[in-house]
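One-letter residues, chain by chain:
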Amino acid sequence: MSLKEAIKARAIRLGFHWVGVTTPDPPAHLDVFERWLQAGRHAEMAYLAAERARYLRAAPLHILPECRSILVLGMRYDAPERIPAPENSGLFGRIASYAWGEDYHRVFAKRLQSLITFIEDWTSKPIPHRWYTDTGPILERELAQRAGLGWIGKNTCLIHPKGGS
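None of these values were measured; they are calculated from a predicted model.

Thresholds applied
Residues numbered from 1 in each chain as written. Predicted model: local features only at pLDDT ≥ 70, side-chain atom pairs only at ≥ 80, totals over all residues. Heavy atoms only, no water. Phe/Tyr/Trp six-rings, centres within 6.5 Å; stacked < 30°, edge-to-face > 60°. Helix = DSSP H or I, 4+ residues; strand = E, 2+ residues; numbered from the N terminus. Buried < 20%, exposed > 50% of the residue type's maximum accessible area, 1.4 Å probe, protein only. Contact = heavy atoms within 4.5 Å. Axes fitted to C-alpha atoms, helices over the stretch in contact; angles between N-to-C directions. Parallel < 35°, antiparallel > 145°, perpendicular 65-115°, else oblique. Left-handed = near helix turned anticlockwise from the far one by under 90°. Nonpolar A, V, L, I, M, F, W, Y, C, P; charged D, E, K, R; others polar. Salt bridge = Lys/Arg side-chain N within 4 Å of Asp/Glu carboxyl O.

> Describe the packing of aromatic side chains, with residues and values.
All told, the structure shown has three aromatic pairs when counted by the stated rule. Residues F16 and F108 carry aromatic rings whose centres are separated by 5.2 Å and whose planes lie at 80° to one another, so their mutual orientation is edge-to-face. Highlighted residues: F16 in the loop between α1 (3–13) and β1 (18–22) and F108 in helix α5 (residues 104–123), separated in sequence by 92 residues. Here the two residues F16 and F108 agree in accessibility, since each one is buried. Where F33 meets W36, the ring centres are 5.8 Å apart and the plane angle is 20°; that geometry is what we call stacked. Of this pair, F33 and W36 both sit in helix α2 (residues 30–38), separated by three residues, roughly a single helical turn. According to the relative accessible area criterion, F33 is buried, its value standing at 12%. Under the relative-accessibility criterion, W36 is labelled partly exposed at 29%.

This is the structure:
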């Protein structure tokens, strides 16, 4: 089994549903992101337009120069069955799937650390790495598309062929 196959198999065992690998090449659609910023669509999220953030998003190698591959992982949100509001409370509505259960940033971090340990054990050496769970200066949807996890739809979300948006 190759290292890539072993990593993918371990990631699935750790609870990730989708696993892909891509290169650290600059994002092909960086110009789309730049136009989005220029149009002011980032609203109050000024950190997105900061010079350093734009520099880092322009090329993954700006973040980790020794990078050779980017592992892209995805996970479905496990939402419990619907919980009815107390009778006569007047409460109603829905709660987004990601808001149920433990914070997905923590869930990912635990699993990612376990995956890094696995890779380092497999290779018998420390591996320079960074991981982000929608928290870092990368264009993660583009990376996911490039890694073969789906395509970016008109809704601007990555759409997995079986998992949906």
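From this point on, the discussion continues.
> Talk me through the environment of A59; I want residue IDs and the actual numbers.
Assignment of secondary structure puts A59 in the loop between α3 (51–57) and α4 (60–63). In the structure, A59 is positioned 29 residues away from L30 in sequence and 9.2 Å away in space, judged by C-alpha atoms. With sequence-adjacent residues up to four places away left out, A59 is seen in contact with P26 and P27.

> So what about the packing of α1 against α5? Which residues, and what values?
Relative to each other, α1 and α5 sit at 150°, their axes nearing to 10 Å. By the angle between their directions, the pair α1 and α5 is classed as roughly antiparallel. Crossing of α1 against α5: the hand is right-handed. For the pair α1 and α5, contact is made by L3, A6, I7, R10 and A11 and by L115, F118, I119, W122 and T123, respectively. Its residues assigned to classes, the contact of α1 with α5 comprises eight nonpolar, one polar and one charged.

> So what's going on with unusual backbone geometry? Residues and values would help.
Even without being glycine, D134 reaches a positive phi, approximately 50°. Among the secondary structure elements, D134 is positioned in the loop between α5 and α6 (140–146). Even without being a glycine, T156 presents a positive backbone phi close to 70°. Here T156 is to be found in the loop between β3 (151–152) and β4 (158–159).

> Describe the pattern of salt bridges, listing the residues and the values that go with them.
Enumeration according to the criterion identifies three salt bridges in this entry. With a shortest N-O distance of 3.1 Å, D31 and R35 are connected by a salt bridge. Of this pair, D31 and R35 both sit in helix α2, four residues apart, roughly one helical turn. For K110, the salt bridge identified is with E102, shortest N-O distance 2.8 Å.

Scope: geometric values only; no functional claims are made or implied.
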